Amino acid sequence: MSSIRTVSIDYGDTRFSIYLISLPGKYQTPDTATTHVMHSHFYYELHYASRGQCLYRFSDREVLLQEGQMLLIPPGQHHLSVGKDSESYIPQVLSLSISATENPGRFYPAFLSMLNAAAMKPITGPLAVAGYINILQQRPLYDCVPGICRLKAAAACFLSDLFHLLSPYSTETGTSP
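Fair warning: this is a prediction, and the values are worked out from it, not measured in the lab. (Residues numbered from 1 in each chain as written. Predicted model: local features only at pLDDT ≥ 70, side-chain atom pairs only at ≥ 80, totals over all residues. Heavy atoms only, no water.)

## Considerations on the nonpolar core
Met-70, Phe-158 and Leu-166 are the most contacted members of the largest nonpolar core, which totals 33 residues. Breaking this core down by element, the ones donating at least two residues are strand E1 (6-11), strand E2 (14-19), strand E3 (44-51), strand E6 (69-73), strand E8 (90-100), helix H1 (107-118), helix H2 (127-137) and helix H3 (145-166). Considering each element in turn, this core owes the most residues, nine residues, to H3. For Leu-166, the residues in contact, after removing those within four places along its chain, are Met-70, Leu-72, Met-114, Leu-115, Ala-118 and Ile-123. (Core = buried A, V, L, I, M, F, W, Y, C linked by side-chain atoms within 4.5 Å. Buried < 20%, exposed > 50% of the residue type's maximum accessible area, 1.4 Å probe, protein only. Helix = DSSP H or I, 4+ residues; strand = E, 2+ residues; numbered from the N terminus. Contact = heavy atoms within 4.5 Å.)

What follows is the structure, given as structure tokens:
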């Protein structure tokens, strides 16, 4: 059975691609974290703590992600996740890339600005965001025409809720929480 690896949606001058990634079973405990190499990605990585908490290390700071919060890690940012409670920490993770389409417009810079302004800060997310992440992680279940339509709809709702949640980080309003 094949599975859908990427869901892409164009919005104005912006293309969003949500990639399917899978995480190994357990996060590292603080004792073994020094043996793990910091790494980075070419996409944004969104972590949502469904249960438990996890410490994320960056080159210049540490961020504790607690249950019900999400963390957006920008492309190129070296990071390492270290389980604070590795037995109970359950993450939901999506990878998201954003690119400008051929038609120049105003949306791409605004979306990019919001993502970067909100990056590396724990943000309390509504349960709906976690629900969409869960749907988007179950791609093999949607490998048919009606399923692909449901998957694209879930991706559109996820992006809508995500940017509604990140709107306080918009540089257009001149404020940031």
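## Brief notes about unusual backbone geometry
Despite not being glycine, Met-120 has its phi angle at roughly 65°, a positive value. With respect to the secondary-structure elements, Met-120 resides in the loop between H1 and strand E9 (123-124). Looking at Met-120, the relative accessible area reads 7%, which means it is buried.

## Digging into the environment of Glu-67
Mapped onto the secondary structure, Glu-67 falls in the loop between strand E5 (62-66) and E6. Not counting residues up to four positions away in its chain, the partners in contact with Glu-67 are Ala-49, Ser-50, Arg-51 and Gly-52.

## Some details on H2
For H2, the full list of buried residues reads Val-129, Ala-130, Tyr-132, Ile-133 and Leu-136. Buried residues of H2, seen end-on, are gathered within an arc of 160° and therefore sit on one face of the element. On its buried side, H2 packs onto E2, E3, E6, E8 and H3. (Arc of directions from axis to C-beta.)

## Some remarks on the confidence of the model for the protein
A residue-level look at the protein finds 78% of positions with pLDDT of 70 or above and a mean pLDDT of 79. The model gives residues 23-35 a pLDDT under 50, and that stretch makes 27 contacts with residues more than four places away or in other chains. Confidence drops under pLDDT 50 across residues 173-177; counting only partners more than four residues distant or on other chains, this segment forms seven contacts. (pLDDT = per-residue confidence, 0-100.)

## So, the packing of aromatic side chains
If you walk through the whole model with that rule in mind, you get nine aromatic pairs. When the ring of Phe-42 is compared with that of Tyr-43, the centres are 4.9 Å apart and the planes differ by 80°; the resulting orientation is edge-to-face. What makes Phe-42 exposed here is its relative accessible area of 63%. Grouping aromatic residues by their ring pairs yields a cluster made of Tyr-11, Phe-16, Phe-107, Phe-111 and Phe-163. (Phe/Tyr/Trp six-rings, centres within 6.5 Å; stacked < 30°, edge-to-face > 60°.)

## Description of the pairing of E1
Here E1 pairs with E2 via six bridges, running antiparallel. Note on E2: the bridge partner recorded for Tyr-11 is Thr-14. Hairpin remark: E1 followed by E2, antiparallel, with two residues in the connecting loop; positive phi at Gly-12, about 60°. (Pairing = 2+ DSSP bridges.)

## A closer look at the environment of His-39
On the secondary structure map, His-39 appears in the loop between E2 and E3. Taking the C-alpha atoms as reference points, His-39 and His-78, separated by 39 residues in sequence, lie 4.9 Å from one another. Setting aside chain neighbours within four positions, we find His-39 in contact with Gln-77, His-78 and His-79. Within the structure, His-39 has its side chain in polar contact with the side chain of His-41 (distance 3.3 Å). (Polar contact = N/O pair within 3.5 Å; in protein donor to acceptor, adjacent residues only side chain to side chain.)

## Comments concerning the pattern of salt bridges
As enumerated under the stated definition, the model contains three salt bridges in all. For Arg-15, the salt bridge goes to Asp-10, with nearest N and O atoms at 2.7 Å. On the basis of relative accessibility, which here comes to 43%, the residue Asp-10 falls in the partly exposed class. Between Arg-61 and Asp-60 there is a salt bridge, with its nearest N and O atoms 3.5 Å apart. (Salt bridge = Lys/Arg side-chain N within 4 Å of Asp/Glu carboxyl O.)

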